[in-house]
Amino acid sequence: MPGDPPELPAKDLLTLIPEYAGLARQTTLLNPEPGDPGVRESSLGGRPLWPAGEPWPYCAQEDHWTYGSDPRNTTEIVPGAVPMVPILQLFARDVPELEFPEGKDLLQLVWCALIHERDPRLVMPRLYWRNEADVVAGGLLPEIPGVSEGEYDEDNMPEPSTLSPTIAEDFPRWLDLPKDMWETWEPRFRSRTGGLTVPPDSNVIATKTGGWPAWTQPADWPNCASGHRMEHLLTITGDIQLGDCGGVYFFHCHRCPGLPWDWRFDCH
Ligand SMILES: [Zn+2]
Ligand SMILES: [Zn+2]
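As a convention, each chain's residues are numbered from 1 in the sequence order in which they are written. Numbering of ligands from 1 and lettering of chains from A proceed in the order in which they are written. Only residues with pLDDT of at least 70 are given local features in this predicted model, and only at 80 or more are side-chain atom pairs given and counted; all residues enter the totals for whole chains, interfaces and linings. Excluded from the side-chain calculations are hydrogens and water; all other atoms, namely the structure's heavy atoms, are used.

Draft legend 1. Looking closely at the overall build of the protein chain. In terms of helices and strands, the protein chain carries three helices and 16 strands. Burial statistics for the protein chain: of 268 residues in total, 45% are counted as buried. Pairs of residues are marked as contacts when any of their non-hydrogen atoms sit within 4.5 Å. A separation threshold of at least 6 residues defines the contact pool for the protein chain, and within that pool the share at least 24 residues apart is 69%. Accessible surface, the protein chain: about 13800 Å² in total, of which carbon and sulfur atoms supply 51%. Counting from the N terminus, the helices are the DSSP runs of H or I reaching at least four residues and the strands are the DSSP runs of E reaching at least two. Only protein chains enter the accessibility calculation, which uses a 1.4 Å probe; a residue whose area is less than 20% of its type maximum is buried, one above 50% is exposed, and one in between is partly exposed. Per-residue and other accessible areas follow the Shrake-Rupley method at a 1.4 Å probe size, with only the shown protein chains counted as cover for residues.

Quick look at the structure:
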């Protein structure tokens, strides 16, 4: 009928474009809940199982200020490196779908909770693969240095949380589809939705491992130094505020020795 509004977009890409189902991948949603995770439990923002023989990492960006190493000093701040903060610790037993490097069963992630105004890169993360039994046998670092209040950007600090991983099916963001798919799908969208309106996709926006990145901006997959497109390792989003950023995304290359990794973030 003339004057009718254009047909509403389909609620589900799967009904509109059945081939979308072929892109399903398994993801593990980490489902963090504020709590008191133990050092030998998977956690977001919990105390990590850290080897005694390895110094805690610091961020030495030149615009950082700190109260220094003297705990009696709570007033005078000086330029200096600040301790990184624990972000994520995952034991292989909790994320069975995640492929660990041979001999490793513990993944740890730390980053800097300060703003890096002179460096556009957000949180300067570091990623570690370890063997739980080796760490325990060698003893634990007795103290993880904390960042003092006022030293960090609250948005980049997770509340200590336990994890309750669950498996789910995950699909790519609309903007993450291969170009040839877009070229064949786009006319079908156009004819079935009465315009170019893109229906909601079935990507799970959550802190998760595997599956597809939960980009909030156009996809930006990294390549390793040998030119391989890396695989999505994990997404951190929502459970930490991250200022006006959507998420932090980690990738790795299984085809290269040493499992090179990289990361991306997206901001509005
Ligand atoms: Zn920093
Ligand atoms: Zn590679």
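Draft legend 2. Representation of the sheet that holds strand β16 (residues 261-267) in the model. Across the sheet, six strands lie side by side as β12-β1-β13-β14-β15-β16; this open sheet has antiparallel pairing. Edge positions in the sheet fall to β12 (166-170) and β16, since each has one partner strand and no second. Shown here is a sheet whose adjacent strand axes are inclined to one another by a mean of 25 degrees, direction ignored. Pairs of strands are assigned from DSSP output, requiring at least two bridges between the strands. One ladder, built from two bridges, connects strand β13 (residues 208-210) with strand β14 (residues 231-237); its direction is antiparallel. If you follow K208 over to β14, its bridge partner there is T235. Angles run from 0 to 180 degrees between N-to-C directions of axes, and those axes are lines fitted to C-alpha atoms, restricted for helices to the stretch in contact.

Draft legend 3. Structural detail: the environment of G103. When you line up the elements, G103 lands in the loop between β8 (85-91) and β9 (106-111). Placed 27 residues apart in sequence, G103 and R130 show a C-alpha to C-alpha distance of 8.1 Å.

Draft legend 4. The nonpolar core, seen in detail. Throughout, nonpolar core names a set of buried Ala, Val, Leu, Ile, Met, Phe, Trp, Tyr and Cys residues whose side chains join them through atoms within 4.5 Å. Core analysis: the biggest nonpolar cluster contains 26 residues, and I87, L88 and L107 have the highest contact counts within it. Only β8, β9, β10 (126-130), β14 and β15 (245-252) provide two or more residues apiece to this core. The element contributing the most residues to this core is β8, with four residues. In this entry, domain limits derive from an automatic or database-based domain assignment. Structurally, this core is a two-domain feature, drawing no fewer than three residues from each of domain 1 (1-31 + 165-268) and domain 2 (34-159). In contact with L107, not counting residues within four places along its chain, are L88, Q89, L90, L98, F100, L127, Y128, W129, L233 and L234. Counting residues in hydrophobic clusters, the runner-up holds 18 residues, among them W185, W221, C224 and F251.

Draft legend 5. Seen up close, the sheet that holds strand β3 (residues 43-44). The six strands lie next to each other as β2-β11-β3-β8-β9-β10, forming an open sheet whose pairing is antiparallel. Two strands in the sheet have a free side with no partner beyond their single neighbour: β2 (33-34) and β10. Both β9 and β10 contribute to a ladder of five bridges, which runs antiparallel. Across the sheet, L106 pairs through a bridge with R130, a residue of β10.

Draft legend 6. Up close: the environment of K104. Within the fold, K104 resides in the loop between β8 and β9. Note on K104: relative accessible area 35%, which makes it partly exposed. Sequence separation between K104 and R130 is 26 residues, and the spatial gap between their C-alpha atoms is 5.1 Å. Apart from the residues within four sequence positions on either side, K104 is in contact with W129, R130 and N131.

Draft legend 7. Structural detail: the coordination of the zinc ion (ligand 2). Only nitrogen, oxygen and sulfur atoms within 2.8 Å of the metal, or 3.2 Å for Na, K and Ca, are treated as donors, and water is left out, so sites may look incomplete. In this structure, C224 (SG), H228 (ND1), C253 (SG) and C256 (SG) serve as the protein donors to the zinc ion (ligand 2), at separations of 2.2 to 2.3 Å. Overall, H228 belongs to the buried group, its relative accessible area being 17%.

Draft legend 8. Layout of the side chain of S43. Its location among the elements puts S43 in strand β3. Residue class for S43 comes out buried when judged on its relative accessible area of 1%. Whenever two N or O atoms come within 3.5 Å, that pair is a polar contact, provided that in protein one can donate a hydrogen and the other can accept it, and provided that, for residues adjacent in sequence, both atoms are side-chain atoms. Among the polar contacts listed, one links the side chain of S43 to the backbone nitrogen of G46, at a separation of 3.4 Å. With residues up to four places along the chain from it excluded, the contact list for S43 reads P37, I87, L88, Q89, S161 and L163.

Draft legend 9. Spotlight on the pairing of β15. Counting buried positions over the eight residues of β15 gives eight, a clear majority of the element. As judged from the six bridges shared by β14 and β15, these two strands associate in the antiparallel manner. Bridge pairing links L234 to F250 in β15. Relative to β16, β15 runs antiparallel, the two being bridged by seven bridges.

Everything listed here is a matter of geometry and, on its own, says nothing about what the molecule does.
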